[in-house]
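# Chains, contacts and geometry: an overview
Okay, here's what each chain looks like letter by letter:
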Amino acid sequence: MAQNSKIGWTDHTHNFWWGCHKVSEECRFCYIDGIMRRGGYEPFKGPMRTKNWDNPSRWQRQAERSGMRLRVFTCSMSDFFHPGADNWRDEAWRVIRDCDRLDWLILTKRPELIEDRLPQDWYDGYPNVWLGVTAGCRDSLGRIDILGDIPAAIRFISAEPLLEQLDLSSYLADIDWVITGCERAKKGKRRLMELDWVRDIDEQCLTAGVPHFFKQYYENDSGVPNEDGLVDGVRRQEWPQVTIGV
Ligand code: SF4
């Protein structure tokens with residue numbers, strides 16, 4: 001089945017809107033900058049609604065035919081909970097709820113805005129929505145506490161870009177999945193990640209029994225990131241257990 005994403009942990013990306021504002025250190029070299037400017041758009045003036053809202057129903061039909069579930073990284077070019085998208089979010093939630101063969105991975109750097117922006121029928125969380133926060137540096141760890149208080153089928157942490165050594169161990173009891181990876185940016189610009197930081201998080205995940213997906217790193221600061229997911233020769237690219245039916 002055709003996939004529209006090169007990101008190792010998802011099948012598709014879908015943007016209900018694109019454009020954003022930077023909120024933390026992980027945003028410094030945000031990749032939407034180059035992509036949107038090349039298309040003639042200003043990336044950091046807030047979200048603009050996109051025109052491709054039909055894609056998810058097409059993927060839903062494909063998933064129904066194949067009997068598979070597909071992962072959809074949601075708002076990879078913005079932030080799903082950005083307040084500038086408040087007028088469109090209810091409609092987006094309806095698409096998400098109706099496309100129930102798709103697992104929607106919603107990753108935010110604004111978890112303090114989630115609670116007031118959940119749909120009325122959220123209850124314990126839509127079974128096909130995974131909620132995650134970015135925590136690539138110590139200043140962002142408080143986001144995980146906020147996430148832990150929000151009901152969700154799956155909660156995850158994305159420690160990408162991983163900017164320093166992190167102790168996640170006290171948070172992992174409420175977490176179903178951890179992603180790690182380096183900053184993907186031009187040589188000379190990107191902040192380098194040490195493999196020891198990944199090794200450390202990997203050990204924390206193993207101890208807590210939490211799946212870990214190691215996405216990418218640059219070998220010897222080379223030009224193309226290595227995506228083999230190897231930590232000391234062992235491939236560490238796991239996903240959380242999905243319990244809803246297929
Ligand atoms: S929240 Fe995400 S999309 Fe928005 S500026 Fe930060 S890194 Fe970019």
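Overview of the structure. All chains use their own residue numbering, which begins from 1 and follows the written sequence. Per-residue local features are limited, in this predicted model, to residues with pLDDT of at least 70; the limit for side-chain atom pairs, both in listing and counting, is 80 or more; totals at the level of whole chains, interfaces and linings are taken over all residues.

This paragraph deals with the overall build of the protein. The numbering of helices and of strands both runs from the N terminus, where a helix is a DSSP run of H or I of at least 4 residues and a strand a run of E of at least 2. Across its full length, the protein holds 5 helices and 11 strands. Each radius of gyration is computed over the set of C-alpha atoms, and the globule rule expresses the reference value as 2.2 Å times the number of residues to the power 0.38. Relative to the 2.2 N^0.38 estimate, which gives 18 Å for 246 residues, the radius of gyration of the protein is 17 Å and therefore close to what a compact globule would have. Dimensions of the protein, computed from the C-alpha atoms along their principal axes, are close to 45 × 40 × 35 Å. Residues counted as buried form 39% of the 246 residues belonging to the protein. Exposure classes come from backbone-placed C-beta atoms, where a residue is buried if 20 or more other C-beta atoms lie within 10 Å of its own, exposed if 12 or fewer do, and partly exposed in between.

A few words on the sheet that holds strand S1 (residues 12-14). By this definition, two strands are paired if DSSP reports at least two bridges between them. As summarised here, the arrangement of the 7 strands in space is S1-S4-S5-S6-S7-S8-S9, forming an open sheet in which the pairing is parallel. Unpaired on one side and paired on the other, S1 and strand S9 (212-214) mark the two borders of the sheet. Here the strands of the sheet are splayed against their neighbours by 25° on average, with no regard to which way each runs. Both strand S5 (residues 102-108) and strand S6 (residues 129-134) contribute to a ladder of 5 bridges, which runs parallel. By the bridge assignment for S6, Leu105 is matched with Trp130. Contacts between helix H5 (residues 195-208) and the sheet are confined to strand S7 (154-159), strand S8 (177-180) and S9, with S9 contributing the most and set at about 160° to the helix. Whenever a helix is involved, its axis is fitted only over the stretch in contact; in every case the axis is a line through C-alpha atoms, and angles between N-to-C directions fall within 0 to 180 degrees. We call two residues in contact if the C-beta atoms placed from their backbones are at most 7 Å apart.

Alternating positions in S8 separate into two faces, Trp177 and Ile179 on one and Val178 and Thr180 on the other, with burial throughout. Taken together, the 3 bridges between S8 and S9 define a ladder with parallel strand orientation. Among the inter-strand pairings, Ile179 is bridged to a residue of S9, identified as Phe213. The handedness rule is simple: strands pointing away from the viewer, and a clockwise path from the first strand over the helix to the second, make the crossover right-handed. This β-α-β element, S8 to H5 to S9, shows right-handed connectivity.

Between the first and last C-alpha of helix H2 (residues 55-66) there are 17 Å, a value that for 12 residues agrees with the 16 Å anticipated at 1.5 Å per step. On its buried face, H2 sits against S1, strand S4 (70-74), helix H3 (86-98) and S5. One or two residues past the end of H2 sits Gly67, with phi positive at roughly 75°. Helix span, as expected, comes to 1.5 Å for every residue beyond the first.

Moving on to the nonpolar core. For soluble globular proteins, nonpolar side chains are generally found buried alongside one another. Counting residues in hydrophobic clusters, the biggest one holds 56 residues, and the most contacted among them are Ile157 and Val178. No other element matches S5, which puts 5 residues into this core. Sequence-distant contacts of Val178, that is, excluding residues within four places in its chain, are made with Phe156, Ile157, Ala159, Leu168, Ile201, Cys205, Val210 and His212. Residues of type Ala, Val, Leu, Ile, Met, Phe, Trp, Tyr and Cys that are buried and joined through C-beta atoms within 7 Å form what is called a nonpolar core.

Attention shifts here to the environment of Ile150. Relative to the elements of secondary structure, Ile150 occurs in the loop between helix H4 (142-148) and S7. Residue class for Ile150 comes out partly exposed when judged on the 16 C-beta atoms lying within 10 Å of it. A sequence separation of 19 residues divides Ile150 from Leu131, and the C-alpha atoms of the two residues are 8.9 Å apart.

Attention now moves to the environment of Arg101. Here Arg101 is to be found in the loop between H3 and S5. Owing to 21 C-beta atoms within 10 Å, Arg101 belongs among the buried residues under this scheme. Setting aside chain neighbours within four positions, we find Arg101 in contact with Gln60, Ala63, Glu64, Arg69 and Leu70.

Here we come to H5. For the α-helix, the turn length of 3.6 residues means that residues three or four positions removed from each other point alike. For H5, spanning 14 residues, the distance from its first C-alpha to its last is 20 Å, which sits close to the expected 20 Å at 1.5 Å a residue. All buried positions along H5 are accounted for by Val198, Ile201 and Cys205. Down the axis, H5 shows its buried residues gathered within 65° of arc, on one side only. Turned more than 90 degrees away from the buried face of H5, the exposed residues are Asp196 and Thr207. On its buried face, H5 is in contact with S7, S8, S9 and strand S10 (230-231). Arc, as used here, means the arc of the directions from the helix axis to the C-beta atoms.

Before going further, it helps to examine unusual backbone geometry. In most cases, non-glycine residues show a negative phi, while peptide bonds are predominantly trans. A cis geometry characterises the amide bond from Glu160 onward to Pro161, with omega recorded as 0°. By the element assignment, Pro161 lies in the loop between S7 and S8. The phi angle at Cys75 is positive, at roughly 60°, despite the residue not being glycine. Of note in the backbone geometry, Tyr123 takes a positive phi value of approximately 45° without being a glycine. Here Tyr123 is to be found in the loop between S5 and S6. For Tyr123, a count of 9 C-beta atoms within 10 Å gives the class exposed.

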